[in-house]
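Each chain, letter by letter, is given below.
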Amino acid sequence: MAAYVASLSPGPRIPDAEQYSTAGLTAEQIARGGELFRTNCSACHNIEGRGGALPNGSYAPSLMNTSGKHIYEAMRTGPQQMPVFASGTMTDQDVKAIIGYLNATHAQPSDGGFALGGIGPVSEGLWGWIIGVGACVLAAIWLARKGTRSR
Amino acid sequence: MSNNEMTPSDRTPEDRTPDQDQPVPDPGLEPYVERFSDADPDAGRRVYRQIVTMYGLAPILAVAFVVCYFAIPRDAAVRIGPLHTSAMNLALGGTAGLAILLIGLASIHWAKQIMEDREVVEERHPVASSAQDRREMGAAWRAGAADSRLGRRKMVGLALGSALGALALPALVTLADLGPKPTSKVRAETIERTIWAEGVRLVNDVTFTPVKAAEMQIGELVNAQPENLKKYHGAEQQTERAKASIIIVRMDPASIKIPDSRRDWQVGGILSYSKICTHVGCPISLWEQQTHHLLCPCHQSTFDLGDSGVVVFGPAARALPQLPITVDSEGYLVARSDFTVPVGPSYFERDSRHDFKKGDN
Ligand code: FES
């Protein structure tokens, strides 16, 4: 089937494992991958690769559980609204670094309570504020109430 | 209720003197109704038990806190559904927080259900001080004024006033440090120009590799910078980067509108635009390759890169400035000139007559 589809039109091949494998990446290369990710990908996929909304109901999917192979393929082909990141400007080495960055980020333990998707201190603070102030308001209402009466 | 004072509920509106000067007649208080905990001995005992239990749990939680403190390893983590947290934090916060909460709840419960339930009326007192206080204050003020001898030596007051007034001058003068005065000459050298110039190569942001026109595919997006950005360092580099950032996109020339005046600003459907939103200046690279729309994440301004960057949605008032580009002898993309209009957000003195408007040609 794949061979038949491939016979119909030109297009990038299914990548070989060594094109997207992150084995042997150094810490510098992973940090460089982070720079590349933040510059090219985070606008849609969120700073941690947790995905995000696009106009008219479409969305950029979360990359939390996306395999390196699929990230590679998506960058080279540009599925749906996603732009293409072709090898002329984004080398295989760059793609590897980006995948390495995502893996490293997602492997980091995040034991800071509810994970709201790395949406940033303002949005996370807003939730804290709504819940915290909401609870204070409810407590104040209870304090000021007269309480139930026997009739 | 056992008290021999007159409770306000004993007073009905009829036996009060009508307050003629009040805009609304005093409706009096609602009749007093006993609480359950007073009317029903069982309910009373239940409330009593609840309060004692809540207070009684607090010491147990305090002990639990101490136990957790020593028993839980520092790096243990727990996952409860979406909650993902350090076991130690959860246990310490949970026990201490719950203990304090229970003490608070019990105290309020006690106050509301068991403490005396007498209702009292406290009349508001007038805000103004008494006539006597005001007289005394006035006398003290006049005596102080006389003691200062300002009446006879008027120059002292004048000198003090001008001394204090003159101190405003240093404060005002330091405002000059807020920045250079934005005269038209200063603007032309700062916010109205970028480091783009004829022949400057378009290079990939981060890696600084030049972009070859032939290698760009349809639907491709490149976040790019001018090659000469490398010459700048530190704060200066950030300033130039903030103005010069661009995105390069390649679209099928048959699917987009290229005005005659911009025919030679592009290379076979490869177009380059400022990355800085014309609303308030967020960097934008959220590009949909099928609709050719570029969406700003800050306030959802949407620019149509297939139509010279005109605004199709949102608060931005001006089209995204386009950078005229061509290819050099080696096939790399280079700028033909700087942007033809200032990039970025509006400012008071900005001349917007040269911006591209929908339908221009
Ligand atoms: S900054 Fe882009 S829409 Fe406001």
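Description of the structure in this document. Sequence order sets the numbering: in each chain, residues are counted from 1 along the sequence as written. Whichever chain is written first is A, and whichever ligand is written first is 1; the rest continue in order. Given that the model is predicted, a residue must reach a pLDDT of at least 70 before its local features are reported, and side-chain atom pairs must reach 80 or more before they are shown or counted; all residues, however, enter totals for whole chains, interfaces and linings. Only hydrogens and water are set aside; all other atoms, that is, all heavy atoms of the structure, feed into the side-chain values.

**Looking at the interface of chain A and chain B**
- The contact rule is simple, with two residues in contact once any of their heavy atoms fall within 4.5 Å. On the chain B side, the residues contacting the 37 residues of chain A number 41 residues.
- Note on definitions: buried area is the accessible-area loss of two parts on being combined, 1.4 Å probe, summed for both. In total, about 3,500 Å² of surface goes out of reach between chain A and chain B, with carbon and sulfur atoms giving 53% of it.
- Interface area lost by chain A to chain B is led by Gln81(A), Thr89(A) and Arg149(A), which between them contribute 19%.
- Salt bridge, as used here: a side-chain nitrogen of Lys or Arg that lies within 4 Å of a carboxyl oxygen of Asp or Glu. Along the contact surface separating chain A from chain B lie zero salt bridges.
- Residues adjacent in sequence count toward polar contacts only when both atoms are side-chain atoms; beyond that, a polar contact is any pair of N or O atoms within 3.5 Å, and within protein one must be able to donate a hydrogen and the other to accept it. Where chain A meets chain B, there are 15 residue pairs in polar contact (both at pLDDT 80 or more).

**Regarding the nonpolar core**
- In these notes, a set of buried Ala, Val, Leu, Ile, Met, Phe, Trp, Tyr and Cys residues joined through side-chain atoms within 4.5 Å is what counts as a nonpolar core. When a residue's accessible area, from a 1.4 Å probe over protein chains only, is under 20% of the maximum for its type it is buried; when over 50% it is exposed; and in between it is partly exposed. Within the largest apolar cluster, 36 residues are counted, with the highest numbers of intra-cluster contacts made by Met75(A), Leu294(B), Phe303(B) and Leu305(B).
- A run of H or I in DSSP counts as a helix once it spans at least four residues, and a run of E counts as a strand once it spans at least two, with each numbered from the N terminus. When contributions to this core are tallied by element, the ones reaching two or more residues are helix H3 (27-40), helix H5 (68-77) and helix H6 (92-107) of chain A together with strand E5 (246-250) and strand E6 (270-274) of chain B.
- Counting 23 residues, the second-largest nonpolar core is a separate cluster that includes Leu202(B), Phe208(B), Val211(B) and Ile246(B).

**Here we look at the state of the cysteines**
All names here are of chain B.
- In this description, the term disulfide denotes a pair of cysteine sulfurs within 2.5 Å. Overall, the coordinates contain one disulfide over all chains when judged by the stated rule.
- Between the sulfur atoms of cysteine 282 and its disulfide partner cysteine 298 the distance amounts to 2.0 Å. Negative torsions about the S-S bond denote left-handed disulfides, and the value of about -100° found for cysteine 282 with cysteine 298 makes this one left-handed. Of this pair, cysteine 282 sits in the loop between E6 and strand E7 (286-287) while cysteine 298 sits in the loop between strand E8 (293-295) and strand E9 (302-304), placing them 16 residues apart in sequence.

**Concerning the sheet that holds E9(B)**
All names here are of chain B.
- At least two DSSP bridges between two strands are needed for those strands to be called paired. Taken together, the four strands give an open sheet; going across it, the order is E7-E8-E9-E10, and neighbouring strands pair in antiparallel fashion. Lying at the two open borders of the sheet, with one neighbouring strand each, are E7 and strand E10 (310-313).
- The pairing of E9 with E10 spans three bridges and is antiparallel. Bridge pairing in E10 places threonine 302 opposite phenylalanine 313.

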